[in-house]
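Below, each chain spelled out in residue letters.
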Amino acid sequence: MPILPRAALLDALAARFRADFGPGPLRCFFAPGRINLLGAHLDYNGGDVLPMAVDRGIYVAIRPRDDGRVRLRSLDFERVVDLDGSAVGAHTTPDLGWAGYPLGVWAGFRAAHGLQRGFDAVFAGDLPVASGLSSSAAIEVVTALALDALHGFGVHGEQLALIAHRAETGFVGVRCGIMDQYASALGRAGHVLLLHCAGPRWEHVPFDPAACEVLVLDTKKPRHLAKSGFNERVAQCAAVHAALRAAGVERPHLALYELADLERARGRLDDVHFRRGRHVLTEMARTRDGAAALRAHDYRALGALLDQSHASTRVDYEVSCAELDAITDAARACQGVFGARLVGAGFGGCAIALLAPGCADAVQAATAASYQSRLGIEPAFYLLRNGTGPVEVG
Ligand code: GLA
């Protein structure tokens, strides 16, 4: 299905809601997706990350119920869910599909706040799904915002991120770090979130849309290996951390070590694990330098760090692929591009390029031609703007 502009999407959402659930009042909410400028695979290593909420995400039309039923629909997926809340256990089941994310949030409110009342909801997104732009975090955060608004539990900001993150790790069972839910819940227009995952603590660093634009480069390569490859990287990093501790240096997270510690522990690590550790520690330095570049309004320096980050995820962390390499190479060759790298977990999906404003059309045309001639796949592009955090709309 093509991605609809926001007004058309809200109309379609309300029309589907009324068709499926009948007339009457309804409320609509939005939570953003995110791109991560720097800090690839650092969140689960206690490192610093630099995500930015974007102006696209997930919308929900919702109405509370007096009984315990939960009825869920999506404009993007065919699967419908209609069940009694008492049938929702501690974990999702394969038959629930996408609905596991909102149900996990509802179950979180049940556990933390005693919520028993169900709800009717229709979801829709203007983000490409499963492409590394965090549609799953956005659906969790928008559900958390909506349920809180309907019932007045007073859950805001970081609490929204935490309930959303618990839904993903506890209920759905994905071993992700905290970046995506924090980026969506704490997004602020005109800013990038500098999140120190070890705390967690965060600060908002200004981002100037008049100086730099973000173009998403969609390889159209599905992320088949993302789950197994992601879990393998998490396990490898835990092994590197254990080796560093065994070498006599005790720190709470892998990202908090120095490169010299890694060198000293080299005898305890094979080449693969050494490179995994090197990516984490060099990426940590790049993220700090990236925050400094943002504060100095130096988007060229920021772009160069994105290029280095991509090289490190390709060579040391091995989460890139031929499609992500080809599309970022093609973008880098264009005038006005400051830098490019993969986003999200990698293994396919999307990359981002930072551009001087006004270049997007030319960059898209040249990147598409080069990518298509190398790989025979037609890519897609989305020029994203910096967006707000979660809000009620309509
Ligand atoms: C996925 C995870 C995030 C983060 C990134 C890699 O998007 O959901 O928590 O680990 O990969 O930076």
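Below: a short report on this structure. Predicted model only: the values in this text are computed from it and were never measured.

As for the overall build of the chain
So, step 1. Helix and strand counts for the chain stand at eleven helices and 13 strands.
So, step 2. At 21 Å, the chain has a C-alpha radius of gyration in line with the 21 Å of a compact globule built from 394 residues.
So, step 3. Put simply, the chain has 394 residues, and 58% of those count as buried.
So, step 4. The averaged location of the 42 negative side-chain charges in the chain is 2 Å from the averaged location of its 40 positive side-chain charges.

Observations regarding unusual backbone geometry
So, step 1. With an omega dihedral of -5°, the bond running from Gly199 to Pro200 counts as a cis peptide bond.
So, step 2. Among the secondary structure elements, Pro200 is positioned in the loop between strand S7 (191–196) and strand S8 (201–206).
So, step 3. If you check the backbone angles, His297 has positive phi at about 55° while not being a glycine.
So, step 4. Locating His297 in the fold gives a position in the loop between helix H8 (271–295) and helix H9 (299–315).
So, step 5. Judged by its relative accessible area of 46%, His297 falls in the partly exposed class.
So, step 6. Located in the positive-phi region is Glu318, a residue other than glycine, with phi close to 55°.
So, step 7. When you line up the elements, Glu318 lands in the loop between H9 and helix H10 (322–332).

Concerning the environment of Asp76
So, step 1. Positionally, Asp76 belongs in the loop between strand S4 (69–74) and strand S5 (81–84).
So, step 2. The class for Asp76 is partly exposed, based on a relative accessible area of 33%.
So, step 3. Sequence spacing of Asp76 and Asp126 is 50 residues, and the spatial spacing of their C-alpha atoms is 9.6 Å.
So, step 4. Reaching out from Asp76, the side chain makes a polar contact with the backbone nitrogen of Gly125 at a distance of 3.0 Å.

So, H9
So, step 1. The end-to-end C-alpha distance of H9 is 24 Å, a good match for the 24 Å that 17 residues give at a rise of 1.5 Å each.
So, step 2. The inward-facing, buried residues of H9 contact S8, H8, H10, strand S10 (337–342) and strand S11 (350–355).

Points about the packing of helix H2 (residues 100–113) against helix H4 (residues 158–172)
So, step 1. Relative orientation of the contacting elements H2 and H4 amounts to 110°, with a least axis distance of 8 Å. Classified by the angle between their axes, H2 and H4 sit roughly perpendicular to one another. As for the relative orientation of H2 and H4, their crossing is right-handed in sense. Residues Gly100, Tyr101, Leu103, Gly104, Val105, Ala107, Gly108 and Phe109 of H2 pack against Ile163, Ala164, Ala167, Glu168, Phe171 and Val172 of H4.
So, step 2. Across the contact of H2 with H4, the residue classes break down as ten nonpolar, three polar and one charged.

Some words on the site of the ligand
So, step 1. With respect to spatial proximity, 13 residues lie near the ligand, and among them Arg34, His41, Asp43, Gly177 and Asp180 are the closest.
So, step 2. Within the side chain of Arg34, one N or O atom sits 3.2 Å away from an oxygen atom of the ligand.
So, step 3. For the ligand, the accessible surface in isolation is 310 Å², of which the surrounding protein chains cover 92%.
So, step 4. More than half of the atoms belonging to the ligand lie within 2 Å of the grid points that define the largest pocket.
So, step 5. Secondary-structure elements contributing two or more residues to the shell around the ligand are strand S1 (27–36) and helix H5 (179–185).
So, step 6. Residue composition of the shell around the ligand, by class: six nonpolar, four polar and three charged.

Digging into the sheet that holds S4
Sheets are built from strands paired through backbone hydrogen bonds, the pairs being either parallel or antiparallel.
So, step 1. The sheet built from six strands is open, its strands ordered S5-S4-S6-S3-S1-S13 with mixed pairing. Pairing within the sheet leaves two strands with one partner each, and these edge strands are S5 and strand S13 (391–393). Within this sheet the neighbouring strands show an average axis-to-axis angle of 25°, counted without direction.
So, step 2. Where strand S3 (residues 51–64) lies against strand S6 (residues 119–125), seven bridges are found, and the strand directions are antiparallel. Residue pairing in the sheet places Ile58 in a bridge with Gly125 of S6.
So, step 3. Sheet strands touched by helix H1 (residues 6–21): S1, S3, S4, S6 and S13. Its angle to S6, the strand with the most contacts, is close to 150°.

Topic: the packing of aromatic side chains
So, step 1. Counting across every chain of the model gives eight aromatic pairs.
So, step 2. With centroids separated by 6.3 Å and ring planes inclined at 15°, the aromatic side chains of Phe77 and Trp98 adopt a geometry described as stacked. Of this pair, Phe77 sits in the loop between S4 and S5 while Trp98 sits in the loop between S5 and H2, and the two are 21 residues apart along the sequence.
So, step 3. Ring-pair connections join several aromatic residues into one group, and the members of that group are Phe77, Trp98 and Phe123.
So, step 4. Sitting above the plane of the Tyr257 ring, Arg251 keeps its charged end 5.5 Å from the centroid.
So, step 5. Over the aromatic face of Phe274 sits the side chain of Arg266, whose NZ or CZ is 3.8 Å from the ring centroid.

A closer look at the packing of H10 against helix H11 (residues 360–375)
So, step 1. Orientation of H10 relative to H11, taken along the N-to-C sense of each, is 145°, at an axis distance of 8 Å. The two elements H10 and H11 meet at a crossing, and its hand is right-handed. Residues Ala322, Glu323, Ala326, Ile327, Asp329, Ala330 and Ala331 of H10 pack against Thr367, Ser370, Tyr371, Arg374 and Leu375 of H11.
So, step 2. In the contact of H10 with H11, the residues fall into seven nonpolar, two polar and three charged.

Some thoughts on the layout of surface pockets
So, step 1. Estimates place the volume of the largest pocket at around 920 Å³.
So, step 2. Lining the largest pocket we find 40 residues, and of these Tyr101, Ala130, Ser136, Glu168 and Arg223 sit closest to its centre.
So, step 3. Of all the elements in the fold, those that place two or more residues in the lining of the largest pocket are S1, S6, helix H3 (135–151), H4, H5 and helix H6 (226–246).
So, step 4. Sorting elements by how many residues they give to the lining of the largest pocket places H3 first, with four residues.
So, step 5. For the lining of the largest pocket, the residue count by class is 21 nonpolar, twelve polar and seven charged.

Procedures and definitions
Residues numbered from 1 in each chain as written. Predicted model: local features only at pLDDT ≥ 70, side-chain atom pairs only at ≥ 80, totals over all residues. Heavy atoms only, no water. Helix = DSSP H or I, 4+ residues; strand = E, 2+ residues; numbered from the N terminus. Rg over C-alpha atoms; globule rule 2.2 N^0.38 Å. Buried < 20%, exposed > 50% of the residue type's maximum accessible area, 1.4 Å probe, protein only. Lys, Arg positive; Asp, Glu negative; His and termini not counted. Charge placed at Lys NZ, Arg CZ, Asp CG, Glu CD. Polar contact = N/O pair within 3.5 Å; in protein donor to acceptor, adjacent residues only side chain to side chain. Expected span 1.5 Å × (residues − 1). Contact = heavy atoms within 4.5 Å. Axes fitted to C-alpha atoms, helices over the stretch in contact; angles between N-to-C directions. Parallel < 35°, antiparallel > 145°, perpendicular 65-115°, else oblique. Left-handed = near helix turned anticlockwise from the far one by under 90°. Nonpolar A, V, L, I, M, F, W, Y, C, P; charged D, E, K, R; others polar. Near = heavy atom within 4 Å. Areas by Shrake-Rupley, 256 points an atom, 1.4 Å probe, with all protein chains shown as cover. 1 Å grid on protein atoms, 1.4 Å probe; cavity = no way out; pocket = protein on both sides within 12 Å on 5 of 7 lines; lining within 4 Å. Sits in = over half its atoms within 2 Å of the grid points. Pairing = 2+ DSSP bridges. Phe/Tyr/Trp six-rings, centres within 6.5 Å; stacked < 30°, edge-to-face > 60°. Lys NZ or Arg CZ within 6 Å of the ring centre and 35° of its normal. Points joined across faces, edges and corners; volume = space filled by probe spheres on them.

Scope: geometric values only; no functional claims are made or implied.
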